[in-house]
Amino acid sequence: MHFRLSGLFWAAIVLSASLAPPMAAQGRHGAGMGRRPRAERSGARNTPIEDFERMSPDEQKKALAKLPPERRQKIEEQLQTLKNLTPEQRSNLMQQYNRLNELPPGRQEAVRNALKKFGNQAPERQQAMRDELRALAPMTPEERQTRMGSPEFRNNYNHNEQQIIKDMSDLLPRN
Amino acid sequence: MQCPLRSKDGQEILIAYVAGTLSPEVAFAVEQHMTLCSACCALAERQRELWAALDVWSSTPVPPDFNDRLYARIAAEKNPWWRQWTQARWPGAWRPALPVAFACAALLTAFLLKEPPAQNDATSPALEAPQIEQVERALDDVEMLKQLGLTPARANSSREEI
């Protein structure tokens with residue numbers, strides 16, 4: 001009996017050692033974007049922006065001080081722009097950001113390229129593509145595929161625009 | 001008589017001679033041989049000296065509790081200190097629970113290390129501090145998404161949200 005209980009004790013020690021992660025792994029997480037496990041808060045992920053905003057002003061200042069002045073200023077302006085949004089606008093933007101970051105790395109890059117190309121289009125074409133994406137938003141994935149394969153879609157947009165819309169449709173809610 | 005030192009058990013014969021345990025006939029024969037053999041004579045003399053020394057030696061008296069103390073010491077060496085410690089502090093019925101308690105404590109520790117408690121948003125922001133480069137990339141992404149304009153405008157919140 002005593003032997004068996006001692007065996008249980010050592011088995012527990014071995015099991016504990018194998019379960020417990022190395023202490024170093026519990027420190028600050030790596031820098032890889034999207035790879036860092038983030039705390040769940042009310043069902044939504046914390047973005048690096050939200051993590052940054054939760055830091056104290058001193059910590060924010062210290063972090064920004066690592067950057068050259070131009071980049072620091074750009075970040076400060078971008079943060080200020082975000083602050084000027086309504087909670088609803090901000091929430092929608094963060095949801096889109098999270099959807100982007102949930103994509104595989106290759107798809108993320110494709111969407112970023114599509115966003116850049118979108119910015120280079122004429123304002124009226126941007127508006128047309130924006131309207132198309134809004135129309136696609138409430139559809140199911142199958143309906144979106146049907147729509148993007150339809151003759152009307154091909155007639156309304158040139159090849160480049162079609163690709164932009166297809167790539168950016170990854171940002172739409174998954175219905 | 002053949003010299004006892006040359007035979008297999010010759011020394012025993014000489015020792016028995018000195019002790020006086022030989023039969024008279026054999027003892028006589030040994031005596032006769034020793035008149036001629038100096039080696040046997042010397043051995044017999046040393047044996048006599050040994051007996052004489054043993055006669056005057058007195059052994060130290062053994063204390064009456066010697067055996068008890070000896071067995072206690074043997075038992076103590078078989079029982080390591082940590083077992084004595086647990087035996088002294090844990091009554092017999094509880095003793096088997098000790099390894100179980102240690103096992104549970106080890107598992108609990110491992111569980112806590114594997115699943116660290118969720119950080120309180122307000123109290124430990126530094127632990128969640130993102131790398132500034134991550135923030136920069138995230139802000140660039142958000143800026144592009146904002147330019148895309150799928151987010152409902154302030155004055156047009158009735159429009160479908162995406």
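Note that the structure is a prediction, hence the values are computed from the model and not measured.

### Considering the overall build of chain A
- The secondary structure content of chain A amounts to ten helices and two strands.
- Taken from N to C terminus, the helices and strands of chain A fall in the order α-β-β-α-α-α-α-α-α-α-α-α.
- Put simply, chain A has 175 residues, and 17% of those count as buried.

### Let's talk about the overall build of chain B
- Helix and strand content of chain B: seven helices and zero strands.
- Out of the 162 residues in chain B, the part that is buried amounts to 16%.

### Re the confidence of the model for chain B
Residues and elements named next belong to chain B.
- Confidence in the prediction for chain B averages 79 pLDDT; 81% of positions are at 70 or higher.
- Within chain B, helix 2 (residues 24–34) carries the highest mean pLDDT (90), whereas helix 5 (residues 81–89) carries the lowest (74).
- In the model, residues 119–127 has pLDDT below 50 throughout and makes eleven contacts with residues more than four positions away in sequence or in other chains.
- Counting interchain partners and residues more than four positions distant, the pLDDT-below-50 stretch residues 155–161 has seven contacts.
- Among the scores for the predicted complex, ipTM is 0.70 and pTM is 0.48.

### Details of the packing of helix 4 (residues 69–83) of chain A against helix 7 (residues 132–148) of chain B
- Look at helix 4 of chain A against helix 7 of chain B: their axes get within 10 Å of each other, and the N-to-C directions meet at 50°. By the angle between their axes, helix 4 of chain A is oblique relative to helix 7 of chain B. When you trace helix 4 of chain A past helix 7 of chain B, the crossing you get is left-handed. The residues of helix 7 of chain B that touch helix 4 of chain A, namely those facing Arg71(A), Ile75(A), Gln78(A) and Leu82(A), are Val135(B), Glu136(B), Leu139(B), Val142(B) and Glu143(B).

### Describing the environment of Arg147(A)
All names here are of chain A.
- In this fold, Arg-147 is placed in helix 8 (residues 141–148).
- When the 16 C-beta atoms within 10 Å are taken as the criterion, Arg-147 is described as partly exposed.
- Taking the C-alpha atoms as reference points, Arg-147 and Ala-135, separated by twelve residues in sequence, lie 9.8 Å from one another.

### A closer look at the confidence of the model for chain A
- Confidence in the prediction for chain A averages 81 pLDDT; 74% of positions are at 70 or higher.
- Per-element mean pLDDT across chain A ranges from 38 in strand 1 (residues 40–41) of chain A up to 95 in helix 9 (residues 151–156) of chain A.

### So, the nonpolar core
- Ranked by internal contacts, the top residues of the largest apolar core, which has 26 residues, are Tyr97(A), Phe118(A), Met168(A), Val135(B) and Val142(B).
- Broken down by secondary-structure element, the contributors of at least two residues to this core are helix 2 (48–53), helix 5 (87–102), helix 6 (105–119), helix 7 (123–136) and helix 10 (159–168) of chain A together with helix 7 of chain B.
- Among the elements that make up this core, the one with the highest residue count is helix 7 of chain B (seven residues).
- Residue contributions to this core reach at least three from each of two domains, namely domain 1 (41–102) and domain 2 (105–175) of chain A.
- In this view, Phe118(A) contacts Gln126(A), Met129(A), Ile164(A), Met168(A) and Leu148(B); residues no more than four positions away in its chain are not counted.

### Comments concerning helix 6 of chain A
- Its 15 residues give helix 6 of chain A an end-to-end C-alpha distance of 21 Å, which sits within 8% of 21 Å, the value for a rise of 1.5 Å per residue.
- Those residues of helix 6 of chain A not exposed but buried are Val111(A), Ala114(A), Leu115(A) and Phe118(A). Here the buried residues of helix 6 of chain A occupy an arc of 100° about the axis, which is enough to place them on one side. Residues of helix 6 of chain A that are exposed and point more than 90 degrees away from the buried face comprise Pro105(A), Gly106(A), Glu109(A) and Lys116(A).
- Buried residues along helix 6 of chain A sit in contact with helix 5, helix 7 and helix 10 of chain A together with helix 7 of chain B.

### Focus: the packing of helix 7 of chain A against helix 10 of chain A
Residues and elements named next belong to chain A.
- One can describe the packing of helix 7 onto helix 10 by two numbers: an axis separation of 10 Å at closest approach and a directional angle of 40°. As the angle between them shows, helix 7 and helix 10 are arranged oblique. Viewed along their axes, helix 7 and helix 10 form a crossing whose handedness is right-handed. On helix 10, the residues touching Arg-125, Met-129, Glu-132 and Leu-133 of helix 7 are Glu-161, Ile-164, Ile-165 and Met-168.
- Among the residues making up the contact of helix 7 with helix 10, the classes are represented as five nonpolar, no polar and three charged.

### Considering the environment of Gln32(B)
- Counting through the fold element by element, Gln32(B) comes out in helix 2.
- When the C-alpha atoms of Gln32(B) and Met1(B) are compared, they prove to be 8.3 Å apart, with 31 residues separating the residues in sequence.

Procedures and definitions
Residues numbered from 1 in each chain as written. Chains lettered and ligands numbered in written order. Predicted model: local features only at pLDDT ≥ 70, side-chain atom pairs only at ≥ 80, totals over all residues. Helix = DSSP H or I, 4+ residues; strand = E, 2+ residues; numbered from the N terminus. Buried ≥ 20, exposed ≤ 12 C-beta atoms within 10 Å, placed from the backbone. pLDDT = per-residue confidence, 0-100. Contact = placed C-beta atoms within 7 Å. Axes fitted to C-alpha atoms, helices over the stretch in contact; angles between N-to-C directions. Parallel < 35°, antiparallel > 145°, perpendicular 65-115°, else oblique. Left-handed = near helix turned anticlockwise from the far one by under 90°. Core = buried A, V, L, I, M, F, W, Y, C linked by C-beta atoms within 7 Å. Domains from an automatic or database assignment. Expected span 1.5 Å × (residues − 1). Arc of directions from axis to C-beta. Nonpolar A, V, L, I, M, F, W, Y, C, P; charged D, E, K, R; others polar.

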